Amino acid sequence: MITSLKWKGAMEKVLVSACLLGVNCRYDGGNKLNKELLNKLKGYEVIPICPETEGGLPTPREPATRQGEKVLTNFTKRDVTPFFKLGALKALEKAKAMGIKRAFLKSKSPSCGEEGLTAQKLIESGIKVEWF
Ligand code: SF4
């Protein structure tokens, strides 16, 4: 896992979903490298996060969906909420420790997405989130 990505002259630190940076941490073992986002990140110090793997889930893993306050795997209906909550907590702790005020996250994910546990936690703490 990349721990940080620093462009020349970088100042502000931002959290970024690791899969958008090309890290193979998605449930299917792949990534969602986003070149438009990479361009936008010039001038920032990039701090990658992957709440699902940092919460203790393996890669690849069964996809999961948020259902109310819980997150259940799509096929075996296993309750994986504790992993998602731990990942969200770790992302928030990282943001607070580094004074981060902005995050660029992967859309449509039960962690990083618009309805995701991590995104929700970051927003509740006053961090501005944009999705890609
Ligand atoms: Fe990407 Fe976030 Fe899912 Fe990790 S938890 S694979 S960073 S969308």
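Residues numbered from 1 in each chain as written. Predicted model: local features only at pLDDT ≥ 70, side-chain atom pairs only at ≥ 80, totals over all residues. Heavy atoms only, no water.

So what exactly am I meant to see when it comes to the packing of aromatic side chains here?
The geometry of an aromatic ring pair is captured by two quantities: the separation of the ring centres and the angle between the planes. With the rule as written, the count across this model stands at two aromatic pairs. Site record: aromatic cluster; members linked through ring pairs are Y44, F104 and F132. (Phe/Tyr/Trp six-rings, centres within 6.5 Å; stacked < 30°, edge-to-face > 60°.)

Explain the site of the ligand to me, please; I cannot follow it from the model alone.
The environment of the ligand is made up of 14 residues, and the closest members are C19, C25, I49, C50 and C112. Class assignment for the residues of the shell around the ligand results in seven nonpolar, three polar and four charged. (Near = heavy atom within 4 Å. Nonpolar A, V, L, I, M, F, W, Y, C, P; charged D, E, K, R; others polar.)

What's the story with unusual backbone geometry in this structure? I'm lost.
T59 connects to P60 through a cis peptide bond whose omega is -5°. Phi is positive for K77, close to 60°, though the residue is something other than glycine. In this fold, K77 is placed in the loop between β5 (70-73) and α3 (81-98). On the basis of relative accessibility, which here comes to 51%, the residue K77 falls in the exposed class. The backbone of K108 shows a phi angle near 55°, a positive value even though the residue is not glycine. Summarising the element assignment, K108 is placed in the loop between β6 (102-105) and α4 (117-124). (Helix = DSSP H or I, 4+ residues; strand = E, 2+ residues; numbered from the N terminus. Buried < 20%, exposed > 50% of the residue type's maximum accessible area, 1.4 Å probe, protein only.)

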